[in-house]
Amino acid sequence: MINFKSKLLNATLAASFAIPLATAGVFTSAGSAQAVTLNGSIGLTGTSIVPNDGVNPANTSIKFVDIDGIDTDGDFAAFSPSLSGTGITINTLNLTKIANVSSTTATYSTGVYTPFINFGSRTLGSTTALLTFDLDDSVVTRTRKSATNINDVILDGITGKFNFNGKTIGIGNLGASLNGKTSEYHLTLEAVSVPEPTTMLGLGLVGAGMVMSRRRKSAIQ
């Protein structure tokens, strides 16, 4: 009788384990066939304006006047038409002071920008859609050099999302350094792809199957 119950329990749990795995296979194979991901980096250069608005002002801004050059790597080089200065715009960054670090240095919040960079309509693989980079609320540091009355702005640790065809296809980090009222800026964005929702669901189902397997072993013991 005990042997019969063990066999019945094994069969039931084995069936419960097989269903999530089969379902996960369906989700991942169907989603991955049309998945669009983004890996690589893109660098943008041009003219920026950091206003000469005093020491540690409550509010300040950074204006990106134009885009003179673009350097692409990885998936960024696969877009058609190729990513160049034509058709790309960068919004003015309005900064709000968070705290004074010293008498000439303060930290500022960028706020959320949707989008921050508009790359226009592009084609990647078989999909043509609008490509944007949306900025998360991040922190930047601004320093006033009293000897020259030049403002230095460090954009470091800024995060955001690359959106394409209404979906987030990459998580990006942005870094830059700007010096002087009117100077050349260098923006570098590194992108890492994010899993498709169906892939995440499939992984969750596999995890559920592993839990059931552990319960089956415990029940047998």
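Coordinates for the structure precede this section.
Here the residue index of a chain counts from 1 through its sequence in written order. A pLDDT threshold of at least 70 governs which residues receive local features in this predicted model, and a stricter bar of 80 or more applies before side-chain atom pairs are shown or counted, although totals over entire chains, interfaces and linings include all residues. Side-chain measures here rest on the full set of heavy atoms in the structure, leaving out hydrogens and waters.

Novice: How would you explain the side chain of Thr132 if you had to name every residue and give the values?
Specialist: Along the chain, the position of Thr132 falls in strand E8 (residues 127-135). Only protein chains enter the accessibility calculation, which uses a 1.4 Å probe; a residue is then buried when its area is under 20% of its type maximum, exposed when over 50%, and partly exposed in between. Among the residues examined, Thr132 registers a relative accessible area of 9% and is labelled buried. Those residues in contact with Thr132 that lie beyond four places of it in its chain are Pro115, Ile117, Asn118, Phe119, Lys161, Phe162 and Asn163. Helix and strand labels come from DSSP, where a helix needs a run of H or I of at least four residues and a strand needs a run of E of at least two; each type is numbered from the N terminus. Here, two residues are considered to be in contact whenever any of their heavy atoms come within 4.5 Å of each other.

Novice: Give a detailed account of the packing of aromatic side chains, specifying residues and quantitative values.
Specialist: Stacked, tilted and edge-to-face are the three classes applied to pairs of Phe, Tyr and Trp rings, where Trp contributes its six-membered ring and a pair requires centres within 6.5 Å; stacked means planes under 30 degrees apart, edge-to-face means over 60, and tilted covers the rest. Taken as a whole, this structure holds seven aromatic pairs when the rule is applied. Considering the side-chain rings of Phe64 and Tyr185, the 5.1 Å spacing of their centres and the 90° angle between planes classify their relative orientation as edge-to-face. With a gap of 121 residues between them, Phe64 in strand E2 (residues 59-64) and Tyr185 in strand E12 (residues 182-192) connect regions that are remote in the sequence. In this structure Phe64 comes out as buried when scored by relative accessible area, which is 7%. Judged by its relative accessible area of 0%, Tyr185 falls in the buried class. Taking the centre distance of 6.0 Å and the plane angle of 75° together, the rings of Tyr113 and Phe116 count as edge-to-face. The same class applies to Tyr113 and to Phe116, which are both buried. By the ring-pair criterion, three or more aromatic residues cluster together here, those being Phe64, Tyr113, Phe116 and Tyr185.

Novice: Residue-level account of the side chain of Arg122, with values.
Specialist: By secondary structure assignment, the location of Arg122 is in strand E7 (residues 113-124). One buried charged side chain, Arg122, makes no salt bridge at all; its nearest oppositely charged neighbour is Asp134, positioned 14 Å away. Under the rule applied, a polar contact is a pair of N or O atoms within 3.5 Å (in protein, one hydrogen donor and one hydrogen acceptor; residues adjacent in sequence only if both atoms are side-chain atoms). Polar side-chain contacts of Arg122 include one of 3.0 Å to the backbone oxygen of Pro81. In this tally, Asp and Glu contribute negative charge and Lys and Arg positive charge; neither His nor the terminal groups of the chain are included. Between Lys or Arg on one side and Asp or Glu on the other, a salt bridge is scored when a side-chain nitrogen of the former is within 4 Å of a carboxyl oxygen of the latter.

Novice: Tell me about unusual backbone geometry, residues and numbers included.
Specialist: Omega for the bond connecting Ser80 with Pro81 falls within 30 degrees of zero, at -10°, which places this linkage in the cis form. By the element assignment, Pro81 lies in the loop between strand E3 (69-74) and strand E4 (89-90). For the bond running from Thr114 to Pro115, omega is -5°, close enough to zero to count as cis. By the element assignment, Pro115 lies in strand E7. Even without being a glycine, Asn56 presents a positive backbone phi close to 45°.

Novice: If you had to explain the pattern of salt bridges to someone new, which residues and values would you point to?
Specialist: What the rule picks out here adds up to two salt bridges. The salt bridge partner of Lys161 is Asp136, with a shortest N-O separation of 3.1 Å. Here the residue Lys161 occupies a position in strand E10 (residues 150-164), and Asp136 occupies one in the loop between E8 and strand E9 (139-145), the gap between them amounting to 25 residues.

Novice: Mind laying out the nonpolar core, listing which residues take part and the relevant values?
Specialist: Only buried Ala, Val, Leu, Ile, Met, Phe, Trp, Tyr and Cys residues count toward a nonpolar core, and they belong to the same one when joined by side-chain atoms within 4.5 Å. Phe116 and Leu155 are the most contacted members of the largest nonpolar core, which has 40 residues in total. Other than its neighbours up to four places away in sequence, Phe116 contacts Phe64, Thr89, Ile90, Asn91, Leu93, Phe133, Asp134, Leu135 and Leu174.

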